[in-house]
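Notes for the structure review
Below, each chain spelled out in residue letters.
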Amino acid sequence: MRKSLTVLALCLSTIGLSAPAQAQLSGTLQKIKEAGAITVGHRESSVPFSYLDANQKPIGYAMDLCAKVIDAVKSELKMPNLEVKYQAVTSQNRIPLMQNGTIDMECGSTTNSIARQQQVGFSVAYFITSVRMGVRKDSGVKDIGDLNGKPVVTTTGTTSDALIKQNEKGKAIDVKNLYGKDHADSFLMVESSRAAAFVMDDILIAGLIANSKTPDAFAIVGPSLRDEPYGVMLRKDDAPFKALIDKTLTGLMKSGEAEKLYTKWFMNPIPPRNVNLNFPMSPVLKAAFATPTDKGVE
Amino acid sequence: MNYHWDWQFFFQEADDGLKYYEWIVSGLGWTTAVSLASLVVALLLGSVLGVMRTTPSRWLVAIGDTYVDVFRNIPLIIQLFLWFFVVPELVPNSIGIWMKQDLPYIVTAVVGLGLYTAARIAEQVKSGINALPRGQRFAGLALGFTEWQTYRHVRLPMAYRIVLPALTSEAMNIFKNSAVTYAVGILELYFQYKQIIEKTSQVLEITIVVTLAYFTLAFLMNRLLAFVEKRTRVPGLIAGTGGK
Amino acid sequence: MGDFDFGIIADNWRFLAEGLRYTVQVTITAMIGGIVLGTILALMRLSSIKPLQWFAAGYVNFFRSVPLVQVILAVYLILPLLLQFVTGKMIPIGAENSAYFTFTIFEAAYYSEIMRSGIQSVPRGQVGAGYALGFTYGQTMRLVVLPQAFRNMLPVLLTQTIVLFQDVSLVYAIGATDFFGAADKITQRDLRPVEMYTTVAVVYFVICFALSRLVKRLQARIAIIR
């Protein structure tokens, strides 16, 4: 029953008919309509995508983009007073929480990978990151090779976790793997000299460094292990909701609004400490804005 | 329920080349290692503290009592965090760096869990010694034993046998409490549980398997100690037969 | 590191207080719910109906054999699946609400063991006396046995509640903002583990130490009355 509704909604949206409200609702949109509320999964230390400000409220580039999506949901469902709930998630629990219905969409720093697409859906990419290493300058680590025999931290459940394991094999170096609960936890290990390097998306490391007590003490080094697209995560096979999110995000990218938001979060001072990440838009991201895609890596 | 059951995934290869069931086996190994090592620490330290609290020395009693008060009134996870994050920052820098970079994490975990459990064991040992008739101490002293010898040869052998059922339940608790050491970097069973959930999202299967694994550990520990209890039972005492 | 910064605690005390309030709320909810549910389980365990005995024994042994931190995570992830199975709808619960439920059902197992020994400590003759007065089973339990069991076990029930109060810190595992969770979130943001974790440890110690002293005094008073 549910499936046939999905298929119907899919057909309608592909031939360009806007679905006459209620009857065709399915999946997440139907759930939101019935509950009168939408639950947004957010991160706590994915600076500047989705993190907590001085008052412990979730803010960031991804949160701003998602606010636009929520506006679109409100007008789609004709529910201007739709309640918006927030639920903090971690790298480990975000996918199960999406599947069990605790969150309706996740706005953070989640890599869209083929492996994850078996379990959840992704919107078009709103950011492209490179996986690199964050180190203390006084540690002397400059490249992957320098890590031999050293403790290296990564955040549990992230794709970097798999990357370092593969790289470890390929380069035949032996590192001691440590795991942080969240990105800040991992960074704390580098900051306190517990780990020699933090292998993670460069922008997240940059955000953590900028917010640290002594930003000058850290550096991002080494080659890019891989480029990874970030997308809004949603439930698998939920075509109507995905269409709505994609339409909203694509619209923002085409209109130049997405770039404005990018400037706001990446090129200007941001809360809570008013630091400026000075992280200009990469050519890959410009290309992704010009031709939005939801292709996953690997 | 549109849940997709899949028991096969345990035999699939994860991205580190091991199969998921091997993650569980390795987690079980770490859980057992941390638990048993902590148990040894807790038994030794807990016995010393328990004895201290029954001596005539006011100072020894005060030290023992303070220890128990401190370690029983702070949650385990916070104690572990203190050992892991706070202590290395308070000691001289060179020692701090050594603690953070060279000291294996299992040592921190065992110290944390062991010292936490020692407070509980000290309570049991103390009540075991206090449960003995005073006459046993006097009899020992009358035989020319020193205070220490009355503990060594008379009171402790009895006290342990009396509190063995309570120690059994502490020994089982330590296996459960060892799950918290995931927070200080031990790749034990609960850590692997979280990892496998993230990688596969097969929440129900993995919950069933890991729960059964914890059951088995608790059961084995229980049987082992029941055996010890049977072998060391004091004839003629009601307390010696307790605990089933 | 001689730069212990008390300012960070002053700046964030409101958030920490919110966390502490949540910890207290979970403790009180789980204490009341756990004692009620635990008493029912204890009565089942002591009843003469075999299936009820088995159920209660199974329940208690189950929750006493698994690590609390695993139960917290498992319930958080599985409860919505079960609700969906029953109602056919996805019902978001959230980490905070999930913890109320988990602690209530988990602590019930421990409270039930305490209530069981409390009920067993009431002389058998009192049950007979209740029946002789024409009371039903329910009346005998409610009016004669349970009040005494409860009073006799009050110190133990409260001691268990102090343990529960400490155990709430494990909601860290699902990212709920309890007292410890709040401190951890501030640590994640400001990278000041020494100040935050030390503060939480001291506050926990002061509260739990004071409560356990109170319980001790209560215990002495109850002992005298008896």
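Residues numbered from 1 in each chain as written. Chains lettered and ligands numbered in written order. Predicted model: local features only at pLDDT ≥ 70, side-chain atom pairs only at ≥ 80, totals over all residues. Heavy atoms only, no water.

Examining the pattern of salt bridges
As a working rule, side chains carrying opposite charge can pair if their charged atoms are close by. Overall, the coordinates contain 25 salt bridges over all chains when judged by the stated rule. A single salt-bridge network, built from bridges that share partners, covers Arg53, Asp65, Arg72 and Glu123 of chain B. (Salt bridge = Lys/Arg side-chain N within 4 Å of Asp/Glu carboxyl O.)

Things to note about the interface of chain C and chain B
At the junction of the two partners, chain C supplies 36 residues and chain B supplies 33 residues. Roughly 3,200 Å² of surface becomes buried between chain C and chain B when both sides are summed, with 73% attributable to carbon and sulfur atoms. Of all residues in chain C, the largest losses of buried area upon contact with chain B belong to Gln70, Gln166 and Tyr197 of chain C, amounting jointly to 16% of the total for that side. Linking chain C with chain B are one salt bridge, by the criterion used here. The partner of Arg213 of chain C in a salt bridge is Asp69 of chain B, and the shortest N-O contact between them spans 2.9 Å. Joining chain C to chain B, the criterion identifies seven residue pairs in polar contact (both at pLDDT 80 or more). Broken down by secondary-structure element, the contributors of at least two residues to the side of chain C that touches chain B are α2 (50–65), α3 (68–87), α7 (179–190) and α8 (193–225) of chain C. (Contact = heavy atoms within 4.5 Å. Buried area = accessible area lost by both parts, 1.4 Å probe. Polar contact = N/O pair within 3.5 Å; in protein donor to acceptor, adjacent residues only side chain to side chain. Helix = DSSP H or I, 4+ residues; strand = E, 2+ residues; numbered from the N terminus.)

A word on helix α5 (residues 105–130) of chain B
What sets the pattern is the α-helix's 3.6 residues per turn: residues three or four places apart point alike. Residues and elements named next belong to chain B. Under the 1.5 Å per step criterion, the end-to-end length of α5 is 37 Å for 26 residues, consistent within 8% with the ideal 38 Å. Along its length, α5 shows its largest kink, about 25°, at Ala119. Most of α5 sits inside the fold, with 19 of its 26 residues counted as buried. (Expected span 1.5 Å × (residues − 1). Bend = angle between axes of the 7 residues up to and from the residue. Buried < 20%, exposed > 50% of the residue type's maximum accessible area, 1.4 Å probe, protein only.)

Observations regarding the packing of helix α1 (residues 20–52) of chain B against α5 of chain B
All names here are of chain B. One way to put it is that α1 packs onto α5 with a least axis distance of 5 Å and a crossing angle of 40°. Classed by the angle they form, the pair α1 and α5 counts as oblique. Relative to α5, α1 is oriented so that their crossing is right-handed. By residue class, the composition of the contact of α1 with α5 is 20 nonpolar, six polar and one charged. (Axes fitted to C-alpha atoms, helices over the stretch in contact; angles between N-to-C directions. Parallel < 35°, antiparallel > 145°, perpendicular 65-115°, else oblique. Left-handed = near helix turned anticlockwise from the far one by under 90°. Nonpolar A, V, L, I, M, F, W, Y, C, P; charged D, E, K, R; others polar.)

Comments concerning the side chain of Lys100 of chain B
Residue position: Lys100 of chain B is located in helix α4 (residues 93–101). Its relative accessible area of 6% is what places Lys100 of chain B among the buried residues. Not counting the four nearest positions on each side in its chain, Lys100 of chain B is found in contact with Ser192, Ser193 and Arg194 of chain A together with Pro88, Glu89 and Tyr105 of chain B.

Focus on the packing of aromatic side chains
Residue and element names in this part refer to chain A. Taken as a whole and assessed by the stated rule, the structure comprises 43 aromatic pairs over all chains. Their ring planes at 75° and their centres at 5.0 Å tell us that Phe49 and Tyr230 sit as a pair that is edge-to-face. With a gap of 181 residues between them, Phe49 in the loop between β2 (45–46) and β3 (50–52) and Tyr230 in strand β12 (residues 227–235) connect regions that are remote in the sequence. With a centroid separation of 5.7 Å and 35° between ring planes, the pair formed by Phe127 and Tyr230 is classed as tilted. On the criterion of sequence distance, the pair formed by Phe127 in strand β7 (residues 120–136) and Tyr230 in strand β12 is long-range, its members being 103 residues apart. (Phe/Tyr/Trp six-rings, centres within 6.5 Å; stacked < 30°, edge-to-face > 60°.)

Quick look at helix α10 (residues 257–266) of chain A
Every buried residue of α10 of chain A is accounted for by Ala258, Leu261, Tyr262, Trp265 and Phe266 of chain A. What you see down the axis of α10 of chain A is that its buried residues fit within an arc of 110°, all on one side. (Arc of directions from axis to C-beta.)

Digging into the nonpolar core
Phe49, Tyr61, Met105 and Tyr126 of chain A together with Phe103 of chain C are the most contacted members of the largest nonpolar core, which has 197 residues in total. Two domains each donate at least three residues to this core, and these are domain 1 (24–128 + 228–290) and domain 2 (130–227) of chain A. Dropping the residues within four chain positions of it, Tyr61 of chain A is found in contact with Pro48, Phe49, Tyr126, Ala258, Leu261, Tyr262, Trp265, Phe266 and Phe289 of chain A. Within the second largest apolar cluster, 20 residues are counted, among which are Tyr67, Ala118, Val125 and Ile129 of chain B. (Core = buried A, V, L, I, M, F, W, Y, C linked by side-chain atoms within 4.5 Å. Domains from an automatic or database assignment.)

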